[in-house]
Amino acid sequence: MLRFILRRLGASAAILLGASLLLYVLMVNAGDPLKDLRESNASNRDELIRQRIGFMGLDQPWYQRYWTWLAGVAKCVTLNCDLGTNRSGVEVSSLLANAAGSTLRLVVLATVLAAVLGIAVGVLTAVRQYSGLDYSVTFLTFLFFSLPVFWAAVLLKEYLAIGYNDWIANPAFTPAQTAVSALLFGFVMQVVLAGSRTRRLATFAASAAFVALVLPYLQWLNFFRYPQLGFGGVVVLSLAVALSATATSAGLRNKLVLYPVLATVLAGAIAYWATFGLMENPTWGTLALLLAAAVAVPVVLGRVLGGHLRGRATGAGLATALAMAGLTTLDHIFRAWPGFLSLKPRPISTIGSQTPNFGGTFWESFLDRGAQLLLPTLLLALISLASYSRYTRASMLEVGRQDYIRTARAKGLGERTVILKHALRNALIPIATIMAFDFAGLIGGAVVTEAVFGWKGMGELFRTGLDQVDPAPVMAFFLVTGTAAVLFNMLADILYAILDPRIRV
Amino acid sequence: MPAGGEAAAAASLAEAEDAALRLRGDTATSQGRLVARRFLAHKAAMASVAVFAAIAVLAFTSIGFAGIPGWWDKSYTLAATVVDGGRPTLSLVPGWLGGEGLRWGEHPFGQDSTGKDYFALVMRGTQQSITIALVVGTVATVIGSVVGAVAGYFRGWVDSVLMRITDLVIVIPLLVLAAVLGKIAGGSGNVLVLALVLGLVTWTGLARLVRGEVLSLREREFVSAAEAMGARASRIIFRHLLPNTVGVIAVNATFAVAGAILLETSLSYLGFGVRAPDSSLGLLISQYQSAFTTRPWLFWWPGMTILAVALSVNFIGDGLRDAFDPRQSRAARRKGRTRP
């Protein structure tokens, strides 16, 4: 295994080196980096030209410049990268450090969202092959494949962002809107849950009635401007999660699992008040610490109180604790929402990755960035969701034809166990490879997305770099995307070898 | 999306369906005819062929192409006075439905801010997109299949070298490589140069797929037979191996064309593809995206055209895949259903 990894690592490094040389040569030949100065009428023109030649090293032949760049990159081994300077003499490594944060946030979030939703949709369409749901999802995936990103972005801005901003100023539903949402939700739910005709009708009626009652109630509460969950809401929802986790893992009568899970809820309820002040304006560090505690407590409780069922008790407790931590966080985000709305009355602005000089508490700036992240993430996720769902569907159908699935059904396992435990686990193996490709591809796709949404991320770095025939920023962009592509590919290969016993290395 | 290569599992279904087709009356049917018949029976694909053909004919005949004049009398380069705020004169709602009647009018798609006829501009952009996409698709398909077949047939160091070159191109994000090349090629002002250059970077996926197919095909008896009769390598590759991978190649060529349309429009949007004063659908959207609230037609026409072209080409590819891989076709679907 180690030899396999080392050999892959060596090959990947060689490929990266070759690709960097190729891109550098192309960049050097992409135009005249002094064009704008040659055409300018500034009095100090010659001085400016001499300065830029110095910054870009234009007095040296290109292979010497490439060698200097490569030597700077080699210093990354000692965590002291020198990626050269752009044409105005600014250190590219500091530019990259500023730009990479927002881009990675976008790409990671979009990948996770697309993978989770895409796999879920893929499984659902594979289970209900050739149903109405399958055909509509197939059509939608083709639509998303064919969608020009920059065009769809303008539509999202116009209808989602501006529409929402107008609506949130005075959030109200007309009876017609409520009726349409209720009917639509009911229709979607009956398509998703399927079943016999009576079951479909019941699903439709129940979900439509639910929406028809909840929307006016939320409006009456003015929930959309003053959302609230409160201590009561957190505890009631957590109890629901705790009981269902116990029921699915061991059954409600099993005290060995029930007691540690209930103890976890109690601990969470105490933690809610104990951390209340801390959570009003936390930092990422305290949040990470609190999350670690939320993981540790159920593990300890499960191990101590779980007896011979300590594995299941720990699992159920962990699910409960994580749900409770999430709900508590949501509660604090809800508390910050009115303040955020007064700071930023139109929550989703269509330009930039965050509002400049925003100030505000931790949660308020969190909400600000979240609102700015919403549209680009949605867009990127939508497009790669299409390919995830297609691949998962194909992979699930492929696995579903195999003998061991028939064996699992024949020995009387439930359909849920067959699909989720036996089929999905094996169907996911090829998805790992696709995820690796997709992540690197998305960073490339972020170039367009960032251009449409006016983000100052890595895509912007690349775009201006190419526009100004300035190799250093373009090469920095390539260094990140290329390394990510190679690394994720290798991870996928290793994962493949571990997950699939048929592959021996 | 990959064109599944699990031919073995499909064999029984394919045989069953081919037998059914044969029973329909006529005698011996060639493989090509079977594929063509399956494709013609695919409704979505046939509708897409019609849509794509209609758009292409409209784009190429209306404003003329390569010096041949078309039937539309306005030019995409001439500025004019803006009439009625540049609003489109096209009306599709008949009078008895409360509309303005079926009317083509002076400027069916409206006018841009300098009074240029927007119909002519969009048609010119569609021409450019279709031309570029077809050239990119052809170039990428030729390079990809030859590289893949050569690598798969010779194996050994030829394979290693070709596949490392493929990896080299794959590791640079496609949009990045295309943008850099587009910047270099865009200076010439000729879209054919841009298209050739884009074709040089989009062949990698096909090369890998064809290589995989050829690796298994070259072990078959007919290749040994050809070798035993003294056929040269070039003859084996072009007469024996490549024709047997035509399914993979045809399907991927179609998806390459659809991808190329989106790639070209994205590049033109970013400013590294087709440049003004020429017109391209991506360029039009980038020029008029801020006009969305005031003059939405400047934004809708090019976007809907891209969507229509890309969607129809993708559906044609889907139909081709079903035709070449009968396991997924409609007839097999009905028979293939085992569970209620």
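The text that follows walks through the structure, step by step, so that each part is easy to find. Since the structure is predicted, the reported quantities are computational estimates derived from the model, not experimental observations.

### Comments concerning the overall build of chain A
When you go through chain A residue by residue, the secondary structure sums to 19 helices and 0 strands. Judged by the C-alpha coordinates and their principal axes, chain A covers about 85 × 60 × 50 Å. Counting over 505 residues, chain A shows a buried share of 43%. Excluding contacts between residues fewer than 6 apart, the proportion of contacts in chain A whose partners are at least 24 apart in sequence is 73%. Entry remark: accessible area of chain A is about 25,300 Å², with carbon and sulfur atoms responsible for 68%. Each charge class in chain A was averaged separately, 40 positive and 25 negative side chains, and the resulting centres sit 15 Å apart.

### Examining empty space enclosed by the protein
All names here are of chain A. The tally for this structure, following the rule as stated, stands at 1 cavity of 30 Å³ or more. Ile348, Ser349, Thr350, Gly352, Ala371, Gln372, Leu375, Pro376, Phe453 and Trp455 are the residues that line the largest cavity. With 4 residues, helix α15 (residues 362-400) is the largest single contributor of residues to the lining of the largest cavity. Counted by class, the lining of the largest cavity contains 6 nonpolar, 4 polar and no charged residues.

### Considerations on the environment of Arg295(B)
Tracing the sequence through the fold places Arg295(B) in the loop between α12 (281-288) and α13 (297-324). When its relative accessible area of 22% is taken as the criterion, Arg295(B) is described as partly exposed.

### Quick word on the packing of aromatic side chains
This structure, assessed with the given rule, holds 31 aromatic pairs over all chains. For the ring pair Phe223(A) and Phe224(A), a centre distance of 6.2 Å and an interplane angle of 90 degrees mean the geometry is edge-to-face. The pair Phe223(A) / Phe224(A) is uniform in exposure class, with both members buried. A network of ring pairs unites the aromatic residues Tyr164(A), Trp167(A), Phe173(A), Phe223(A), Phe224(A) and Phe334(A) as a single cluster. For the cation-ring pair, Lys157(A) lies above Phe453(A), with the distance from its terminal atom to the ring centre recorded as 5.5 Å. In this structure, Arg218(B) packs its charged tip against the face of Tyr153(B), placed 5.2 Å from the ring centre.

### Quick look at helix α3 (residues 45-56) of chain A
All names here are of chain A. Taking 1.5 Å per residue as the helical rise, α3 with its 12 residues ought to reach 16 Å, and the 16 Å between its terminal C-alpha atoms agrees with that figure. Elements in contact with the buried residues of α3: α2 (35-38), α4 (62-74) and α19 (471-499). Just beyond α3, the residue with positive phi is Gly57, at close to 65 degrees.

### Digging into the interface of chain B and chain A
Between chain B and chain A, the residue contacts involve 45 residues of the former and 49 residues of the latter. Summing the contributions of chain B and of chain A, the shared interface buries around 4,300 Å²; its carbon and sulfur component is 78%. Across the contact surface, chain B and chain A share 0 salt bridges. At the junction of chain B with chain A, the criterion picks out 3 residue pairs in polar contact (both at pLDDT 80 or more).

### A closer look at the side chain of Thr111(A)
The residue Thr111(A) is located in helix α5 (residues 92-127) in this model. Residues contacting Thr111(A), with those up to four places away along its chain left out, are Tyr388(A), Met435(A), Phe439(A) and Leu442(A).

### Examining the packing of helix α10 (residues 230-249) of chain A against helix α14 (residues 310-343) of chain A
All names here are of chain A. The N-to-C vectors of α10 and α14 enclose an angle of 160 degrees; their axes lie 9 Å apart at closest approach. The pairing of α10 with α14 is recorded here as roughly antiparallel in orientation. The handedness of the crossing between α10 and α14 is right-handed. Contact residues: α10 offers Gly230, Val234, Leu237, Ser238, Val241, Ala242, Ala245, Thr246 and Ser249, while α14 offers Arg312, Ala316, Ala319, Thr320, Ala323, Met324, Leu327, Thr328, Asp331 and Arg335. By residue class, the composition of the contact of α10 with α14 is 10 nonpolar, 6 polar and 3 charged.

### Regarding unusual backbone geometry
Most peptide bonds take the trans configuration, and most residues that are not glycine carry a negative phi. Residues and elements named next belong to chain A. The residue Asn222 is not glycine, and still its phi comes out positive at about 55 degrees. Within the element layout of this structure, Asn222 appears in the loop between α9 (197-221) and α10. Judged by relative accessible area, Asn222 falls into the partly exposed class, the value being 28%. Even without glycine at this site, Val469 takes up a positive phi of about 50 degrees. Mapped onto the elements of the fold, Val469 is located in the loop between α18 (458-467) and α19.

About the thresholds
Residues numbered from 1 in each chain as written. Chains lettered and ligands numbered in written order. Predicted model: local features only at pLDDT ≥ 70, side-chain atom pairs only at ≥ 80, totals over all residues. Heavy atoms only, no water. Helix = DSSP H or I, 4+ residues; strand = E, 2+ residues; numbered from the N terminus. Buried < 20%, exposed > 50% of the residue type's maximum accessible area, 1.4 Å probe, protein only. Contact = heavy atoms within 4.5 Å. Areas by Shrake-Rupley, 256 points an atom, 1.4 Å probe, with all protein chains shown as cover. Lys, Arg positive; Asp, Glu negative; His and termini not counted. Charge placed at Lys NZ, Arg CZ, Asp CG, Glu CD. 1 Å grid on protein atoms, 1.4 Å probe; cavity = no way out; pocket = protein on both sides within 12 Å on 5 of 7 lines; lining within 4 Å. Points joined across faces, edges and corners; volume = space filled by probe spheres on them. Nonpolar A, V, L, I, M, F, W, Y, C, P; charged D, E, K, R; others polar. Phe/Tyr/Trp six-rings, centres within 6.5 Å; stacked < 30°, edge-to-face > 60°. Lys NZ or Arg CZ within 6 Å of the ring centre and 35° of its normal. Expected span 1.5 Å × (residues − 1). Buried area = accessible area lost by both parts, 1.4 Å probe. Salt bridge = Lys/Arg side-chain N within 4 Å of Asp/Glu carboxyl O. Polar contact = N/O pair within 3.5 Å; in protein donor to acceptor, adjacent residues only side chain to side chain. Axes fitted to C-alpha atoms, helices over the stretch in contact; angles between N-to-C directions. Parallel < 35°, antiparallel > 145°, perpendicular 65-115°, else oblique. Left-handed = near helix turned anticlockwise from the far one by under 90°.

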